[in-house]
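Architecture at a glance
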Amino acid sequence: QVQLVESGGGLVQAGGSLRLSCAASGTIFIFGAMGWYRQAPGKQRDLVATITPGGNTNYADSVKGRFTISRDNAQNTVYLQMNSLKPEDTAVYYCTGHLLGSIPTTWGQGTQVTVSP
């Protein structure tokens, strides 16, 4: 069983940047895709971005042009570079592994991102 551990969250002012990391305990090639989800207070968990083993990416409209998902297959690590952060980006961010299709089957513990006005 591959475990996913996120890091890099924190408090940042609007307009700032953060880089989240997701370290996997085993090869991430077992997943059809890796992704990031987020859950804001009082809201449902929503997709942020996904990346395939070949590097193809998909983003939620709300983060397009601001966030970049990437992966280092050799290090079994997935990243989320977040630029031009907005207060509405405040959420717990979860790294996800997707065995089949777009539905996450493996979740990290989450890392808090707080963006102040």
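What you see is a predicted model; the values in this text were computed from it and never measured. (Residues numbered from 1 in each chain as written. Predicted model: local features only at pLDDT ≥ 70, side-chain atom pairs only at ≥ 80, totals over all residues. Heavy atoms only, no water.)

Here we look at the nonpolar core
By size, the foremost hydrophobic cluster in this structure holds 29 residues, and its most contacted members are Trp-36, Leu-80, Met-82 and Tyr-93. Elements represented by at least two residues in this core include exactly β3 (18-24), β4 (33-39), β5 (45-51), β7 (67-72), β8 (77-82), β9 (91-98) and β11 (111-116). Here this core takes 4 residues from β3, the largest share from any one element. If we ignore the near neighbours within four places in the chain, the residues touching Met-82 are Gly-16, Ser-17, Leu-18, Leu-20, Arg-66, Phe-67, Tyr-93 and Val-113. (Core = buried A, V, L, I, M, F, W, Y, C linked by side-chain atoms within 4.5 Å. Buried < 20%, exposed > 50% of the residue type's maximum accessible area, 1.4 Å probe, protein only. Helix = DSSP H or I, 4+ residues; strand = E, 2+ residues; numbered from the N terminus. Contact = heavy atoms within 4.5 Å.)

Observations regarding the packing of aromatic side chains
Any pair of aromatic rings gets described here by the distance separating the centres and the angle formed by the planes. In the structure shown here, the tally under the stated rule is 2 aromatic pairs. Of the aromatic side chains, those joined through ring pairs into one cluster are Tyr-37, Tyr-94 and Trp-107. Looking at Arg-45, its charged tip hangs above the ring of Trp-107, at a distance of 4.8 Å from the centre. (Phe/Tyr/Trp six-rings, centres within 6.5 Å; stacked < 30°, edge-to-face > 60°. Lys NZ or Arg CZ within 6 Å of the ring centre and 35° of its normal.)

Quick word on the sheet that holds β8
Strand order in the open sheet formed by 4 strands is β1-β3-β8-β7, with antiparallel pairing between adjacent strands. Strands with a single pairing partner mark the edges of an open sheet, and in this sheet they are β1 (4-7) and β7. Across the sheet, the axes of successive neighbouring strands diverge by a mean angle of 15°, strand direction being ignored. With 4 bridges joining them, β1 and β3 adopt antiparallel strand pairing. Looking at β3, one finds that Leu-4 is bridged to Ala-24. (Pairing = 2+ DSSP bridges. Axes fitted to C-alpha atoms, helices over the stretch in contact; angles between N-to-C directions.)

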